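For reference, the chains in residue letters:
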Protein chains: 4
Amino acid sequence: MAGSTYGTLFTMTTWGESHGPAIGVVVDGCPAGIPLSEGDIQRFLDRRKPGQSKYTTARSESDQVEILSGVFEGRTTGTPISLMVRNQDQRSRDYGKIKDCYRPGHADYTFDSKYGFRDYRGGGRTSGRETIGRVAAGAIASKMLDQLGIHLRAYTKAIGSIVVPESAYDYDCIVHNSLYMPSDDYAQRASAYLEQCIKEQDSSGGIVECRINGMPAGIGDPVFQKLDACLARALMSIGAVKGIEIGDGFEAAASKGSINNDAFLNCQGNICKKTNHSGGTLGGLSDGSPIILRAAIKPTPSISKPQQTVTREGEETTITITGRHDPVIVPRAVVVVESMAAITIADLLMTGMSSNMENLLKIYQK
Amino acid sequence: MAGSTYGTLFTMTTWGESHGPAIGVVVDGCPAGIPLSEGDIQRFLDRRKPGQSKYTTARSESDQVEILSGVFEGRTTGTPISLMVRNQDQRSRDYGKIKDCYRPGHADYTFDSKYGFRDYRGGGRTSGRETIGRVAAGAIASKMLDQLGIHLRAYTKAIGSIVVPESAYDYDCIVHNSLYMPSDDYAQRASAYLEQCIKEQDSSGGIVECRINGMPAGIGDPVFQKLDACLARALMSIGAVKGIEIGDGFEAAASKGSINNDAFLNCQGNICKKTNHSGGTLGGLSDGSPIILRAAIKPTPSISKPQQTVTREGEETTITITGRHDPVIVPRAVVVVESMAAITIADLLMTGMSSNMENLLKIYQK
Amino acid sequence: MAGSTYGTLFTMTTWGESHGPAIGVVVDGCPAGIPLSEGDIQRFLDRRKPGQSKYTTARSESDQVEILSGVFEGRTTGTPISLMVRNQDQRSRDYGKIKDCYRPGHADYTFDSKYGFRDYRGGGRTSGRETIGRVAAGAIASKMLDQLGIHLRAYTKAIGSIVVPESAYDYDCIVHNSLYMPSDDYAQRASAYLEQCIKEQDSSGGIVECRINGMPAGIGDPVFQKLDACLARALMSIGAVKGIEIGDGFEAAASKGSINNDAFLNCQGNICKKTNHSGGTLGGLSDGSPIILRAAIKPTPSISKPQQTVTREGEETTITITGRHDPVIVPRAVVVVESMAAITIADLLMTGMSSNMENLLKIYQK
Amino acid sequence: MAGSTYGTLFTMTTWGESHGPAIGVVVDGCPAGIPLSEGDIQRFLDRRKPGQSKYTTARSESDQVEILSGVFEGRTTGTPISLMVRNQDQRSRDYGKIKDCYRPGHADYTFDSKYGFRDYRGGGRTSGRETIGRVAAGAIASKMLDQLGIHLRAYTKAIGSIVVPESAYDYDCIVHNSLYMPSDDYAQRASAYLEQCIKEQDSSGGIVECRINGMPAGIGDPVFQKLDACLARALMSIGAVKGIEIGDGFEAAASKGSINNDAFLNCQGNICKKTNHSGGTLGGLSDGSPIILRAAIKPTPSISKPQQTVTREGEETTITITGRHDPVIVPRAVVVVESMAAITIADLLMTGMSSNMENLLKIYQK
């Protein structure tokens, strides 16, 4: 499939460059009958808006979404939902140096290698603005999951080396601090660290974690469409993500079977698990426990410190990137991670409906 | 797509259960004209065979591959290549307890949740034997990549907490020790650790690393088919993998932009990079540096220590798993990781051929 | 794949309802470096515009296309090309009867069966306006095919029982008569027939034929992606198409092998065929001769004669459809058939690039 | 997707050449819990066996199917079902002329164009034996459809110009004559015609028709995955098919709206149609009436009359094809058409389960 479409039955196709007239997404395959308004989508988009704090860019992007199709009398019709956001802050500027030099940590060189040339204005298709389409689609997927009792919550687990330990989690804090951390205390320490990064004309990476509650057991597929494999691809497809974990992740590699195996219990008549080292999957299928995911995000590559690089012709030179850039993109990535996870799970719920004949009889038997 | 098919143009469809008559794979879309023999495939399969050392199972599996189609006069014809391995060691035995109880760390419970029932003999479709098809397909992909100068090498980076530091790497060692570690010294330490695990009726996890040399720049796609996203899914689709990293991975989250960005240089007329924190990708496309991947593998769930669990009916009980099981599957997973990476890259090279009009003219212009 | 996306590497995703704010398409996977302007697309859209003659609706639809992404400095960039046309003639009207009754020959009843309800305004997603996206995408595919020397030409082969015999073809006529027939004489007869249909408050069907010149041999795939199978699906996916033929089509069923087989010849050093009963394909692959396709199109279902039907509740009633409707849609379908064929061939050219190792070496060998 | 895999959720991947060791198929995505035995599949395969009458080849092919995976204790498990038939009658022979010359009406030339060379033994991948995999998969799809009350019946509508009119249909005859015609009288006339073809060293084409009863309304998709579009591709992917019709097909092109539109009625409380010109679909979705399909099949290209052709080097020559060939393949294609239709409908039933939120709640709400 061409690279800007994602999903099998619940699909999204994103389009748009940072400095073109608009950015958008077509969500196809969304079940009919889900209540949906522009407000539902706007609430998600507002979570990724820059200008939320001093650690995100000062650009003013209003990012007003417009529903162009697929919704009738307040409900999804089952036909493609086309969503568009006009790009408003497209100041004309001099792209001279960026046009001819390859920015370290960016995709300028690799785009030229693949396509022969590139839209050099502000990152073009690799701009973080591409995630607007993902988040808009994520809002729709979340509406659908809500009706099934499935709820996702992503947050900032770490900024640089400031890592919130699970013991310090207070989920209520997430919406109270501009870094979306589940601890105000750690959020303050992270802020201090980011102040220093700004001073040093440098940037920081971090970790986003996502918990999914209410998942029924048996979602996913046992071989190539494993729930965790699909989620790994979903999250790794977000620019800047360099690592993925589910459950104990890399810690499981150093563990032993007797510790890492989660014992099964009977919890008031239902099968449940004593621990959740697995992060909610067994054999590629959900096991009924919360899904726990983590994505490692690299430091923002656009820094104003001078950097060594080459021109398109291969001549060595130095580049200094000016303009408004986030010293850390982690807080803005939180809703993108949540959206990609929501879309992936919506799709797997839909493709999994035909896993046994009993389900087919439920739908089609007269 | 149904869950046992992988890939867009270079595809494989695996089939078979551990205790059925055979296991196999259909490789479709392989370019015509690649020299291929059963020996080429057997060499790969032999690398995942059990019985290679005392840390893998004592079962004798000869795993002789048969080419059933798609090869004519020693070359691939462009039509589907069907490969089959007969299951030979299917001792009849008593599955009583496994049949009715859910083994911790296994997919018994999740399979019942999805399908309503399961083939309870030895893991059925979730058995490690499913990877035979992947490795056979990987052998074919590797033959193709060889012709393009692309070479993959996977090895054991860690067993439990015994991690080989990059400074100690000696790639020549990989084939000399039964753990496929790039250091004989660390391999000895890991062996000692595994001895202890066996004594304790326990098991160990570990980390597999894979390096891909010779990749041209520009392979992959900038949005959902990012090279790293596809590789992450590929590796996470291997049973027991709980985490994925590319390049610096989770360390990048704690780093700064000025350190993590790789400077571009001119290396004797070609554009290259000073460092390779990125692990060979930028914006989802290969950047011409080696691709560096890591997969965290959980401890083998089958341990002979008694474990707490429930029956299908939800009654709490204790299970003791008997039989021949690897105390660590990491060494056997090495060739599986390499195979999945090879197949993924073969597919992306093929889908990427049409990225610009110049390429189309090269192929179709008379 | 969700139903509004078409293609494997060269893909389009259409969206929009007749009475929503806009209609559009996202073309993804188009090779980089193809010159493209809004004018190129507008020329195609103008061919399907209503109001071209008295036999098409009197609605004035300006259908001005806007390129929202994927084109930079006049060339395609390889990233998604988003195209939008605002719906301008959305008179508010009374949908009362259409809302509650099922129009014969329309999809009202089947939509309610699938989705539970429907957007009842003017056909919603099943409106002919959905083809705007296809035609816009077809314009892009045609630009690509032009560069490779592949040229498509569709025209009206028949209106009702007025069929232009091949012996009477004059391709120059196609653009001169409003029915796009390759014969002015037959176009006059067809016009007279349509006048009568209008008088009788009735409508007519017809046949569109498409010829594709310049196809290299070997395009397509031998099993499920046969060139003719892909083209059949492409054309049958156009609303109102009820039959498909390639080459001699149904006449071949009544023929004999000695007549139907096309002899091979040597034409000035190239292999060619003496006849073209096959319509340009053998074994699902192009054979170097022109591709000849035909699509049978049913009479427009919207007629003003009273018709017997039922309400949503199943009550029998009579419906009279008012409003502006084409007595024949065949002339407007001509460019849709041509577009669907162009997109299908563009996609097969791209997916076919990796059919042999020699091609891979041409692209990737340094 | 690579060309030997078909379907989205219910998929089949066929493999094998006529003169290789075996031929087979992997069916993936089949719902768990369907009773299935080798006998179920064998019954379908026996319907396509040669040697059924003097109008099909005299080769003895026992074609015994073996189930290699995916069935446990007599029921499908939801995992891939691998089916294999060994090729038994592979007489070694001299392929000299066929190896170097292009047989008219065959894919020899087009295969060389695509792949650079070909397996020239008996048609290789383009042999009719490739349909063994399709028929085996069709048997499984039919078992599933049976449980939902959906029944398919294909038969020979015409041999050469001997066409059975609908008024003469007697479905009970189908299994009584070796041509699978729904009229013994017409079957006798067709037999006489075929006798003459054999005498003239010539071959005949024909038409296969397929009726599908019991389809619920609303199956399919309104745009590119229209039920009729999917069926058209399915049937056109069978070698030798040159035309497809649904319902009135090409006759609809010559009809008028007032005749072609099917009035809706209330049939004992259910919505039904007075006529079925549409062939059971409206707007790409099933309308609850029987689906009526026709496929035009060209005359067998292998005839023993001398034919004009060229060698691989382009030298003009004459070829006489010897060996055992069917003077007509239509009767053997009957079960292939039925199988492709069954698989297509099984897949669309599965992908359509998520079309509205109500269905999701039926499956997932606790």
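Residues numbered from 1 in each chain as written. Chains lettered and ligands numbered in written order. Predicted model: local features only at pLDDT ≥ 70, side-chain atom pairs only at ≥ 80, totals over all residues. Heavy atoms only, no water.

### Some remarks on the overall build of chain A
Part 1: Helices and strands together make up the secondary structure of chain A, namely 10 helices and 18 strands.
Part 2: Within chain A, the fraction of its 366 residues that count as buried is 69%.
Part 3: Of the contacts formed within chain A by residues at least 6 apart in sequence, a portion of 68% connects residues at least 24 apart.
Part 4: Side-chain charges in chain A split into 39 positive and 40 negative, and the spacing between the mean points of these groups amounts to 1 Å. (Helix = DSSP H or I, 4+ residues; strand = E, 2+ residues; numbered from the N terminus. Buried < 20%, exposed > 50% of the residue type's maximum accessible area, 1.4 Å probe, protein only. Contact = heavy atoms within 4.5 Å. Lys, Arg positive; Asp, Glu negative; His and termini not counted. Charge placed at Lys NZ, Arg CZ, Asp CG, Glu CD.)

### Quick notes on the relation of the copies chain B and chain A
Part 1: The operation relating chain B to chain A is a screw motion whose rotation component is 180°, with 0.0 Å of axial translation and a residual RMSD of 0.0 Å. Seen this way, the second copy is the image of the first under a two-fold rotation axis.
Part 2: In this assembly, 100% of the residues forming the interface of chain B have copies in chain A that are likewise at the interface, indicating an isologous arrangement. (Least-squares fit on C-alpha atoms with pLDDT ≥ 70 in both.)

### Overview of the relation of the copies chain D and chain B
Part 1: The transform that puts chain D on chain B rotates by 180° and translates by 0.0 Å along the axis, for an RMSD of 0.0 Å.
Part 2: In this assembly, 100% of the residues forming the interface of chain D have copies in chain B that are likewise at the interface, indicating an isologous arrangement.

### Brief notes about the interface of chain B and chain A
Part 1: Taken together, the 102 residues of chain B in the interface contact 102 residues of chain A.
Part 2: Of all residues in chain B, the largest losses of buried area upon contact with chain A belong to Lys114(B), Phe224(B) and Lys242(B), amounting jointly to 11% of the total for that side.
Part 3: Counting every contact that joins chain B to chain A gives four salt bridges.
Part 4: For Glu200(A), the salt bridge identified is with Lys256(B), shortest N-O distance 2.8 Å.
Part 5: On the surface where chain B and chain A come into contact, there are 39 residue pairs in polar contact (both at pLDDT 80 or more).
Part 6: Take the side of chain B that touches chain A: its biggest share by element is six residues, from helix H3 (residues 108-115) of chain B.
Part 7: In terms of residue class, the side of chain B that touches chain A is made up of 39 nonpolar, 41 polar and 22 charged. (Buried area = accessible area lost by both parts, 1.4 Å probe. Salt bridge = Lys/Arg side-chain N within 4 Å of Asp/Glu carboxyl O. Polar contact = N/O pair within 3.5 Å; in protein donor to acceptor, adjacent residues only side chain to side chain. Nonpolar A, V, L, I, M, F, W, Y, C, P; charged D, E, K, R; others polar.)

### A few points about the environment of Ala254(C)
Part 1: Examined against the element boundaries, Ala254(C) turns out to sit in the loop between helix H7 (250-253) and helix H8 (257-260).
Part 2: Residue class for Ala254(C) comes out partly exposed when judged on its relative accessible area of 41%.

### Topic: the pattern of salt bridges
Part 1: Summed over the entire model, instances satisfying the criterion amount to 88 salt bridges over all chains.
Part 2: The partner of Arg47(C) in a salt bridge is Glu338(C), and the shortest N-O contact between them spans 3.0 Å. Taken as a pair, Arg47(C) in helix H1 (residues 38-48) and Glu338(C) in helix H9 (residues 330-351) lie far apart in primary sequence, 291 residues in all.
Part 3: Residue classification places Glu338(C) among the buried residues on the basis of a relative accessible area of 5%.
Part 4: In this structure, Asp40(D) engages Arg43(D) in a salt bridge whose closest nitrogen and oxygen atoms are separated by 2.9 Å.

### Some details on the UniProt feature "binding site: NADP(+)" (unreviewed entry) in chain A
All names here are of chain A.
Part 1: The UniProt record annotates "binding site: NADP(+)" (unreviewed entry) at Arg48 and Lys54.
Part 2: Residue class for Arg48 comes out buried when judged on its relative accessible area of 3%.
Part 3: Arg48 has contacts with Asp63, Gly128, Arg129, Thr131, Ile132, Val135, Arg332 and Val335, leaving out every residue within four places of it along the chain. (UniProt positions renumbered as here; feature names shortened; annotations may be inferred.)

### Some thoughts on the interface of chain D and chain B
Part 1: Taken residue by residue, the interface counts 44 residues in chain D and 44 residues in chain B.
Part 2: Buried area between chain D and chain B, both sides added, is near 3,300 Å², and the carbon and sulfur share of it is 64%.
Part 3: The interface formed by chain D and chain B contains two salt bridges.
Part 4: Among the salt bridges present, the one from Glu66(B) reaches Arg86(D), with a minimum N-O distance of 3.2 Å.
Part 5: Viewed at the interface, chain B and chain D are joined by 10 residue pairs in polar contact (both at pLDDT 80 or more).
Part 6: Put simply, the parts of the chain that give the side of chain D that touches chain B at least two residues each are strand S2 (11-16), strand S3 (22-28), strand S4 (65-67), strand S6 (75-76), strand S7 (81-86) and helix H3 (108-115) of chain D.

### A word on the sheet that holds strand S4 (residues 65-67) of chain C
Part 1: Spatially, S1-S2-S3-S7-S4 (chain C) is the arrangement adopted by the five strands of the open sheet, whose pairing is antiparallel. Both outer strands of the open sheet, strand S1 (5-6) and S4 of chain C, are each paired with one neighbouring strand and no more. (Pairing = 2+ DSSP bridges.)

### Considering the pairing of strand S3 (residues 22-28) of chain C
Residues and elements named next belong to chain C.
Part 1: For S3, the buried fraction is high: seven of the seven residues fall into the buried class.
Part 2: Taking every second residue as pointing to the same face, both faces of S3 are buried, with Ala22, Gly24, Val26 and Asp28 on one and Ile23, Val25 and Val27 on the other.
Part 3: Two elements, strand S2 (residues 11-16) and S3, share six bridges in a ladder whose sense is antiparallel. Within S3, the residue paired with Met12 across the bridge is Val27.
Part 4: With six bridges joining them, S3 and strand S7 (residues 81-86) adopt antiparallel strand pairing. Within S7, the residue paired with Ala22 across the bridge is Arg86.

### Considering the pairing of strand S2 (residues 11-16) of chain A
All names here are of chain A.
Part 1: Burial runs high along S2: six of the six residues are buried.
Part 2: Direction of pairing for strand S1 (residues 5-6) relative to S2: antiparallel, over a ladder of two bridges. In the sheet register, Tyr6 faces S2, and the bridge partner there is Met12.
Part 3: Linking S1 to S2, which pair antiparallel, is a turn of four residues; within it Gly7 sits at a positive phi near 105°.
Part 4: Here S2 folds back onto strand S3 (residues 22-28), and the loop between the two strands holds five residues.

### Some details on the state of the cysteines
By definition, a disulfide is the covalent link that joins the sulfur atoms of two cysteine residues.
Part 1: Here the structure, examined in full by the defined rule, presents four disulfides over all chains.
Part 2: The side chain of Cys267(B) participates in a disulfide bridge whose partner is Cys272(B); the two sulfur atoms lie 1.5 Å from each other. Residues Cys267(B) and Cys272(B) are joined by a disulfide whose S-S torsion is about 50°; by sign, that bridge is right-handed.
Part 3: The thiol sulfur of Cys210(C) is not disulfide-bonded, and the nearest other cysteine sulfur, from Cys230(C), lies at 15 Å. (Disulfide = S-S within 2.5 Å.)

### Details of the side chain of Asn87(A)
All names here are of chain A.
Part 1: Along the chain, Asn87 falls in the loop between strand S7 (81-86) and helix H2 (96-100).
Part 2: A residue is classified by how much of its surface remains accessible, and Asn87, at 7% relative accessible area, is buried.
Part 3: A polar atom in the side chain of Asn87 sits 3.0 Å from the backbone oxygen of Glu17.
Part 4: Here Arg129 takes part through its side chain, which lies 2.9 Å from a polar atom of the side chain of Asn87.
Part 5: Aside from chain neighbours lying at most four places away, what touches Asn87 is Glu17, Ser18, His19, Gly20, Pro21, Ala22, Ile23 and Arg129.

### Re unusual backbone geometry
Part 1: The phi angle at Gln201(A) is positive, at roughly 55°, despite the residue not being glycine.
Part 2: Examined against the element boundaries, Gln201(A) turns out to sit in the loop between helix H5 (184-199) and strand S10 (206-213).

### Side note on helix H1 (residues 38-48) of chain D
Part 1: Every buried residue of H1(D) is accounted for by Asp40(D), Ile41(D), Gln42(D), Phe44(D), Leu45(D) and Arg48(D).
Part 2: Structurally, H1(D) contributes buried residues whose contacts are with S4, S7, helix H4 (131-147) and helix H9 (330-351) of chain D.

### Points about the packing of helix H4 (residues 131-147) of chain C against H9(C)
Residue and element names in this part refer to chain C.
Part 1: Direction vectors running N to C along H4 and H9 enclose 50°, while the axes themselves pass 7 Å from each other. Considering the angle they form, H4 stands oblique to H9. Along this stretch, H4 crosses H9, giving a crossing that reads as left-handed. On H9, the residues touching Thr131, Arg134, Val135, Ala137, Gly138, Ala141, Ser142, Met144 and Leu145 of H4 are Val335, Val336, Ser339, Met340, Ala342, Ile343, Ile345, Ala346, Leu349 and Met350.
Part 2: Tallied by class, residues from the contact of H4 with H9 come to 14 nonpolar, four polar and one charged. (Axes fitted to C-alpha atoms, helices over the stretch in contact; angles between N-to-C directions. Parallel < 35°, antiparallel > 145°, perpendicular 65-115°, else oblique. Left-handed = near helix turned anticlockwise from the far one by under 90°.)

### Focus on the UniProt feature "binding site: FMN" (unreviewed entry) in chain A
Part 1: The UniProt feature table records "binding site: FMN" (unreviewed entry) at Arg125(A), Thr126(A), Ser127(A), Gly283(A), Lys298(A), Pro299(A), Thr300(A), Pro301(A), Ser302(A) and Arg324(A). A stretch of 200 residues holds the annotated residues, and the largest C-alpha distance among them is 44.8 Å, long enough that they do not meet in one place.
Part 2: Overall, Gly283(A) belongs to the partly exposed group, its relative accessible area being 27%.
Part 3: Structurally, Thr300(A) can be placed in the loop between strand S16 (291-297) and strand S17 (307-310).
Part 4: With near-sequence residues (within four places) excluded, Thr300(A) lies in contact with Ser203(A), Ser204(A), Asp326(A), Pro327(A), Val328(A), Ile329(A) and Gly257(B).

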